[in-house]
Amino acid sequence: MMVLIVCALCLGTLVGRLGWLNDYLPLVDNLSTGLLCALLFVVGVGLGNNKAIWRKLLRLGWRVAMIPLAVAAGSLLGALLSGFFLQMPFQDSLSVGAGFGWYSLSGLMLKELGNVQLGAIALLANCFREIVAMLLIPLIAKYLGKITAIAPGGATCMDTTMPVISKCCGESTALLGFISGSVLTALVPILVPIMYSLGR
Amino acid sequence: MTAIIIALTLGIVVGAFNLLPKIFYRVIDKLMSVILFVLIFVLIVSIASNETIVGNLAAIGISAFVLAFGSIIGSIILLYLLQQKWFKEER
């Protein structure tokens, strides 16, 4: 799985940089949405077909809600510490961390809030987060545990990294990831402006 | 976003009522690997051809990477602790 992801990353970077598909970029974007829907449909079929997963979800109950909270708190704390290291204002590092991997929205929001430079940092940082998550999920699933593999993806666990989680940790973890990703996705547009305006 | 939720819900309904032939469940694993490969490929192509992203790499790439690294490590540590405490059977 890891080899497959690394190959796709390298090949994609190469083709993107060489501009071989530049004439077809709108098509490429539509294709990725289509493929994502196809994958989520397939994951959904597996979920619908496996009644045990839903019983497990009921048994886990309120503990499920703790997953996105832990991911959110960890992301913000980690970004805050990195920000001290980079000597950034704490509002800036926190608002980048509050993107939770949703790079298009967090980048855009910070730009709209009037900080173009920070918007670019948020765009890049959250983009890195998505890419690094795809590489880390197989490793974390193997060495730290399936639930922990939900952490790096953040908000992207409800879309782009969900199929990776499903492949490496199984459908039931993918469902927990989807729930966590949905909560984090809903938090991004709320937390980014709050963090940015803290004490300002 | 809406498309994603519709696709997943549709999949769950189709799976719950067993609307697909048996062969689908046998090839599902291979099928997913192939689609996933193509998906990651096209995602990265669109990121790598995004001039806003690539153009900013030299100037702010390091700061962005450090922030991404911090968020990832922070979330892994907290979720790992949570997993060890409340999700023991899920490991």
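Since the structure is predicted, the reported quantities are computational estimates derived from the model, not experimental observations.

### Things to note about the overall build of chain A
And step 1. Within chain A, the regular secondary structure consists of nine helices and zero strands.
And step 2. Starting at the N terminus and ending at the C terminus, chain A contains elements arranged as α-α-α-α-α-α-α-α-α.
And step 3. Scaling as 2.2 N^0.38, a compact globule of 200 residues should have a C-alpha radius of gyration of about 16 Å, and chain A matches this with 18 Å.
And step 4. In chain A, buried positions account for 56% of the 200 residues.
And step 5. In chain A, the proportion of contacts linking residues at least 24 apart, taken out of those at least 6 apart, comes to 68%.
And step 6. Accessible surface, chain A: about 8,100 Å² in total, of which carbon and sulfur atoms supply 70%.

### So, the overall build of chain B
And step 1. In terms of helices and strands, chain B carries three helices and zero strands.
And step 2. Seen in sequence order, chain B has helices and strands lined up from the N terminus as α-α-α.
And step 3. Taking 91 residues into account, the globule formula puts the C-alpha radius of gyration at 12 Å, and chain B, at 20 Å, lies well above it.
And step 4. Expressed as lengths along the three principal axes of its C-alpha atoms, the size of chain B is roughly 55 × 40 × 25 Å.
And step 5. For chain B, with 91 residues in total, the buried portion stands at 45%.
And step 6. Here chain B has roughly 4,900 Å² of accessible surface; of this, 73% comes from carbon and sulfur atoms.
And step 7. Once the 6 positive and 4 negative side-chain charges of chain B are each reduced to a mean point, those two points are 12 Å apart.

### A look at the nonpolar core
And step 1. Ranked by internal contacts, the top residues of the largest apolar core, which has 90 residues, are Ile67 and Val96 of chain A together with Ile40 and Leu79 of chain B.
And step 2. Residues in contact with Ile67 of chain A, not counting those within four places in the same chain, are Ile147, Ile150, Leu176 and Ser180 of chain A together with Leu79, Leu82 and Phe87 of chain B.

### Remarks on the environment of Ser33 of chain B
And step 1. Residue position: Ser33 of chain B is located in helix 2 (residues 22-48).
And step 2. C-alpha separation for the pair Ser33 of chain B and Gly55 of chain B, spaced 22 residues apart in sequence, amounts to 32 Å.
And step 3. Apart from residues lying up to four places away in sequence, Ser33 of chain B is in contact with Leu4 and Lys167 of chain A.

### Thoughts on the confidence of the model for chain B
And step 1. Per-residue confidence for chain B gives a mean pLDDT of 89; residues scoring 70 or more make up 98%.
And step 2. Helix 3 (residues 51-86) of chain B holds the highest mean pLDDT among the elements of chain B, 93, whereas helix 2 of chain B holds the lowest, 86.

### Concerning the interface of chain B and chain A
And step 1. Contacts between the two partners involve 66 residues from chain B and, on the opposite side, 93 residues from chain A.
And step 2. On the surface where chain B and chain A come into contact, there are one salt bridge.
And step 3. Glu51 of chain B is the partner of Arg17 of chain A in a salt bridge, and the nearest nitrogen-oxygen pair spans 3.8 Å.
And step 4. Scanning the region where chain B abuts chain A turns up 14 residue pairs in polar contact (both at pLDDT 80 or more).
And step 5. Elements represented by at least two residues in the side of chain B that touches chain A include exactly helix 1 (2-16), helix 2 and helix 3 of chain B.
And step 6. With 26 residues, the top contributor of residues to the side of chain B that touches chain A is helix 3 of chain B.
And step 7. Each residue belonging to the side of chain B that touches chain A can be placed in one class, and the counts come to 46 nonpolar, 15 polar and five charged.

### Here we look at the environment of Leu80 of chain A
Residues and elements named next belong to chain A.
And step 1. Position of Leu80 relative to the elements: it lies in helix 4 (residues 63-86).
And step 2. The class of Leu80 is partly exposed, set by a relative accessible area of 22%.
And step 3. The spacing of Leu80 and Leu94 is 14 residues in sequence and 5.6 Å in space, taken between C-alpha atoms.

### Side note on the state of the cysteines
Among covalent bonds in proteins, the disulfide is the one between the sulfur atoms of two cysteines.
Residues and elements named next belong to chain A.
And step 1. Per the counting criterion, the structure on display carries zero disulfides over all chains.
And step 2. Free cysteine Cys37: the closest other cysteine sulfur is in Cys157, separated by 17 Å.
And step 3. Of all cysteine sulfurs, the one in Cys10 lies closest to Cys127, which takes part in no disulfide; the gap is 15 Å.

### Points about the packing of helix 8 (residues 162-169) of chain A against helix 9 (residues 171-197) of chain A
Residue and element names in this part refer to chain A.
And step 1. Packing of helix 8 against helix 9 brings their axes to within 7 Å, and their N-to-C directions diverge by 150°. Relative to helix 9, the element helix 8 is oriented roughly antiparallel. Between helix 8 and helix 9 the crossing geometry is right-handed. When helix 8 is examined against helix 9, the residues Met162, Ile165, Ser166 and Cys169 are found in contact with a partner set consisting of Glu171, Thr173, Ala174 and Phe178.

### Comments concerning the packing of helix 2 (residues 25-49) of chain A against helix 2 of chain B
And step 1. Taken N-terminus to C-terminus, the directions of helix 2 of chain A and helix 2 of chain B make an angle of 150°; their axes are 9 Å apart at the nearest point. Comparing their axes, helix 2 of chain B and helix 2 of chain A come out roughly antiparallel. Crossing geometry of helix 2 of chain A relative to helix 2 of chain B is assigned as left-handed.
And step 2. Taken together, the residues of the contact of helix 2 of chain A with helix 2 of chain B sort by class into 22 nonpolar, three polar and one charged.

Here is what the cut-offs are and how they apply
Residues numbered from 1 in each chain as written. Chains lettered and ligands numbered in written order. Predicted model: local features only at pLDDT ≥ 70, side-chain atom pairs only at ≥ 80, totals over all residues. Heavy atoms only, no water. Helix = DSSP H or I, 4+ residues; strand = E, 2+ residues; numbered from the N terminus. Rg over C-alpha atoms; globule rule 2.2 N^0.38 Å. Buried < 20%, exposed > 50% of the residue type's maximum accessible area, 1.4 Å probe, protein only. Contact = heavy atoms within 4.5 Å. Areas by Shrake-Rupley, 256 points an atom, 1.4 Å probe, with all protein chains shown as cover. Lys, Arg positive; Asp, Glu negative; His and termini not counted. Charge placed at Lys NZ, Arg CZ, Asp CG, Glu CD. Core = buried A, V, L, I, M, F, W, Y, C linked by side-chain atoms within 4.5 Å. pLDDT = per-residue confidence, 0-100. Salt bridge = Lys/Arg side-chain N within 4 Å of Asp/Glu carboxyl O. Polar contact = N/O pair within 3.5 Å; in protein donor to acceptor, adjacent residues only side chain to side chain. Nonpolar A, V, L, I, M, F, W, Y, C, P; charged D, E, K, R; others polar. Disulfide = S-S within 2.5 Å. Axes fitted to C-alpha atoms, helices over the stretch in contact; angles between N-to-C directions. Parallel < 35°, antiparallel > 145°, perpendicular 65-115°, else oblique. Left-handed = near helix turned anticlockwise from the far one by under 90°.

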